[in-house]
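Geometric and topological summary
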Amino acid sequence: MAEKRRKFDAEFREGAVRIVTETGKTIAEVAKDLGVNETTLASWVSRARRAGSTPGGGGDEMERLRRENAQLKRDNKELAMERDVLKRCMVLWVK
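The structure displayed is predicted, hence computed values, not measured ones.

The next subject is the layout of surface pockets. Empty space left among the atoms is revealed by rolling a probe the size of a water molecule over them. Size it by volume and the largest pocket reaches roughly 310 Å³. Every residue along the wall of the largest pocket is listed here: R5, R6, K7, F8, R13, G35, V36, N37, T40, W44 and R47. With three residues, helix α3 (residues 38-51) is the single largest residue contributor to the lining of the largest pocket. A per-class count over the lining of the largest pocket returns three nonpolar, three polar and five charged.

This paragraph deals with the pattern of salt bridges. Enumeration over the complete set of coordinates arrives at four salt bridges. A salt bridge links R83 to D84; the shortest N-O distance between them is 3.1 Å. Look at R83 and you get partly exposed, because its relative accessible area is 45%.

Taking 1.5 Å as the rise per residue, α3 with 14 residues should run 20 Å; its terminal C-alpha atoms sit 20 Å apart, in good agreement. Listed as buried for α3 are L41, W44, V45 and A48. An end-on view of α3 places all buried positions within 95° of arc, on one side of the element. For α3, the exposed residues set more than 90 degrees away from the buried face come down to T39 and R50. The secondary structure elements touched by the buried residues of α3 are α1 (10-23) and α2 (27-34).

Now for α1. For α1, spanning 14 residues, the distance from its first C-alpha to its last is 20 Å, which sits close to the expected 20 Å at 1.5 Å a residue. Every buried residue of α1 is listed here: G15, A16, V17 and V20. If you follow the buried residues of α1, they end up packed against α2 and α3. Immediately beyond the C-terminal end of α1, within one or two residues, lies G24, with a positive phi of roughly 85°.

On to the packing of aromatic side chains, then. Applying the stated criterion across every chain, the model contains three aromatic pairs. Ring centres of F8 and W44 lie 5.4 Å apart, and the angle between their planes is 75°; on these two criteria the pair is classed as edge-to-face. Highlighted residues: F8 in the segment before α1 and W44 in helix α3, separated in sequence by 36 residues. Classification of F8 as partly exposed rests on a relative accessible area of 21%. The exposure class assigned to W44 is buried, which follows from its relative accessible area of 9%. Each ring, one from F12 and one from W44, has its centre 6.2 Å from the other, and the planes form 90°; the classification is edge-to-face. You can see F12 sitting in helix α1 and its partner W44 sitting in helix α3, a full 32 residues away along the chain. The exposure class assigned to F12 is partly exposed, which follows from its relative accessible area of 28%. Through a chain of ring-to-ring contacts, the aromatic side chains of F8, F12 and W44 assemble into a single cluster.

Parameters at a glance
- Residues numbered from 1 in each chain as written.
- Predicted model: local features only at pLDDT ≥ 70, side-chain atom pairs only at ≥ 80, totals over all residues.
- Heavy atoms only, no water.
- 1 Å grid on protein atoms, 1.4 Å probe; cavity = no way out; pocket = protein on both sides within 12 Å on 5 of 7 lines; lining within 4 Å.
- Points joined across faces, edges and corners; volume = space filled by probe spheres on them.
- Helix = DSSP H or I, 4+ residues; strand = E, 2+ residues; numbered from the N terminus.
- Nonpolar A, V, L, I, M, F, W, Y, C, P; charged D, E, K, R; others polar.
- Salt bridge = Lys/Arg side-chain N within 4 Å of Asp/Glu carboxyl O.
- Buried < 20%, exposed > 50% of the residue type's maximum accessible area, 1.4 Å probe, protein only.
- Expected span 1.5 Å × (residues − 1).
- Arc of directions from axis to C-beta.
- Contact = heavy atoms within 4.5 Å.
- Phe/Tyr/Trp six-rings, centres within 6.5 Å; stacked < 30°, edge-to-face > 60°.

Structure representation (structure tokens):
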């Protein structure tokens, strides 16, 4: 006996993808919470990522996070150099 397939409207799919992308929960966790098959939700998320736009303007947020990440990496590199200089100064001061 064939099972009847459930239909999900676009708003539900976008909301599910938004939960995955914004909360950091795994696809399996969100699928279980929403009562959706894990592979179905994974395909929705994959399709949204391929389209280059996550629902709710997530593309802008990703770009902001990339810029912030790059800035933090530059700051980290500079702080590491300063730390190394201070280590060398301490060695000279102790001698």
